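# Working through the structure, step by step
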Amino acid sequence: MDENNSFPLIGDKFPQISVKTTHGTINLPDDYKGKWFVLFSHPGDFTPVCTTEFVAFSRKAKEFNELNCELIGLSVDQVFSHIKWVEWIKDNLKVDVPFPIIADELGVLAKKLGMIHEAKGTNTVRAVFIIDPNGIIRLMIYYPQEIGRSVNEVLRSLKALITSTDNHVACPENYPHNVLLGENVVMMPPPGSMKEIEANKKIADKSISQKDWWFRYKKM
């Protein structure tokens, strides 16, 4: 793969970059230090699937903000195109877009994050990055241009990441709603040695249940 269009890895530091947005110049990730942020790219302004996504993100923006998280959109369109599209959404769909949209006209950030697929032209794919308060990439999701995202899944993933980070636990499938274990149940990290297994047996923590020594869980 071209090193100028390579994917970062989960756990990497988000690249330092100054970007032009509908809310003015933003320095990433420094301007969001101490906060989570979700950066999501879309193929283009004034396109139907992208419009449905921006409406959904806008309607959920308050829920993201309540989790100490900011939203940031991105495409390779120019900033005036972003502004006119935001105005169109407000005038025609009665929805305010409260978050900034990056005008990555030269594709600098998009190429750094693997958002441009050469076989699909110069438009950005539908990518989602969740960045933690220390500027570390914690989650990446890529969608093809023809399939819209689930904003609820992005929000669910953020909640799971926060729970995992704050409590040093893992989150099961579809956390916090898991069919097997129930509501708001988290997984304990499996022991890494026989010594840890024996230590767990001696700890009378009634809040922890288990199906085996490696399958331990508790309700938050």
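In this text the structure is predicted, and so the values were computed from the model without any measurement.

## Topic: the overall build of the chain
Counting its regular elements, the chain contains five helices and 12 strands. Reported as C-alpha extents along the three principal axes, the dimensions of the chain are approximately 65 × 40 × 30 Å. Long-range pairs, those at least 24 residues apart, make up 66% of the contacts in the chain between residues at least 6 apart in sequence. With 26 positive and 27 negative side-chain charges, the chain shows a separation of 7 Å between the mean positions of the two kinds.

## Considering the pairing of strand β1 (residues 17-21)
By the alternation rule, side chains of β1 split into Ile 17, Val 19 and Thr 21, which are all buried, and Ser 18 and Lys 20, of which none is buried. Where β1 meets strand β2 (residues 24-28), five bridges bridge the pair, whose relative direction is antiparallel. Residue pairing in the sheet places Val 19 in a bridge with Ile 26 of β2. As consecutive antiparallel partners, β1 and β2 are separated by two residues.

## Things to note about the state of the cysteines
With the rule as written, the count across this model stands at zero disulfides. Cys 50 forms no disulfide, and the closest cysteine sulfur to it belongs to Cys 69, at a distance of 20 Å. Not engaged in a disulfide, the cysteine Cys 171 finds its nearest cysteine sulfur in Cys 69; these two sulfurs lie 16 Å apart.

## A few points about the pattern of salt bridges
Opposite charge on two side chains lets them pair, provided their charged atoms get close. By the definition in use, this model includes nine salt bridges. Ionic pairing is found between Lys 90 and Asp 96, a salt bridge with its closest N-O pair at 3.6 Å. Taking relative accessible area as the criterion, Asp 96 reaches 49% and is therefore assigned partly exposed. Taken together, the salt bridges that share partners define one network made up of Glu 53, Arg 126 and Arg 149.

## So, the confidence of the model for the chain
With 95% of its residues at a pLDDT of at least 70, the chain reaches an overall mean of 92. Segment residues 1-5: pLDDT under 50, and 10 contacts once partners within four positions in sequence are set aside and those in other chains are kept.

## Considerations on helix α4 (residues 151-167)
Over its 17 residues, α4 runs 24 Å from end to end, which matches the ideal 24 Å to within 8%, given 1.5 Å per residue. Looking at the packing, one finds that the buried side of α4 touches β3 (36-41), α1 (48-66), β4 (69-75), β6 (126-131), β7 (137-143) and β10 (185-187). His 168 sits one or two residues past α4 and shows a positive phi near 55°.

## Section: the packing of α1 against helix α2 (residues 79-93)
Contact pair α1 / α2: the axes reach a minimum separation of 11 Å and the direction vectors enclose 75°. In this view, α1 runs roughly perpendicular relative to α2, as classed from their interaxial angle. Between α1 and α2, the residues in contact are Cys 50, Thr 51, Phe 54 and Val 55 and Trp 85, Trp 88, Ile 89 and Leu 93, respectively. Its residues assigned to classes, the contact of α1 with α2 shows seven nonpolar, one polar and no charged.

## A look at the sheet that holds β10
A sheet is described by the order of its strands in space; here three strands give the open sequence β10-β12-β11, paired in antiparallel fashion. Either end of the sheet is taken by a strand with one partner, and the two such strands are β10 and β11 (208-212). The sheet shows a mean angle of 30° between the axes of neighbouring strands, taken without regard to direction. Summarising the sheet, β11 and strand β12 (residues 215-219) pair through four bridges and their orientation is antiparallel.

## Here's the deal with the environment of Tyr 32
When you line up the elements, Tyr 32 lands in the loop between β2 and β3. Linking Tyr 32 and Val 49, residues 17 residues apart in sequence, is a C-alpha distance of 28 Å. In this structure, Tyr 32 is in contact with Ile 26, Phe 37, Glu 70, Ile 72 and Pro 100, ignoring residues within four places of it in sequence.

Conventions and cut-offs
- Residues numbered from 1 in each chain as written.
- Predicted model: local features only at pLDDT ≥ 70, side-chain atom pairs only at ≥ 80, totals over all residues.
- Heavy atoms only, no water.
- Helix = DSSP H or I, 4+ residues; strand = E, 2+ residues; numbered from the N terminus.
- Contact = heavy atoms within 4.5 Å.
- Lys, Arg positive; Asp, Glu negative; His and termini not counted.
- Charge placed at Lys NZ, Arg CZ, Asp CG, Glu CD.
- Buried < 20%, exposed > 50% of the residue type's maximum accessible area, 1.4 Å probe, protein only.
- Pairing = 2+ DSSP bridges.
- Disulfide = S-S within 2.5 Å.
- Salt bridge = Lys/Arg side-chain N within 4 Å of Asp/Glu carboxyl O.
- pLDDT = per-residue confidence, 0-100.
- Expected span 1.5 Å × (residues − 1).
- Axes fitted to C-alpha atoms, helices over the stretch in contact; angles between N-to-C directions.
- Parallel < 35°, antiparallel > 145°, perpendicular 65-115°, else oblique.
- Nonpolar A, V, L, I, M, F, W, Y, C, P; charged D, E, K, R; others polar.

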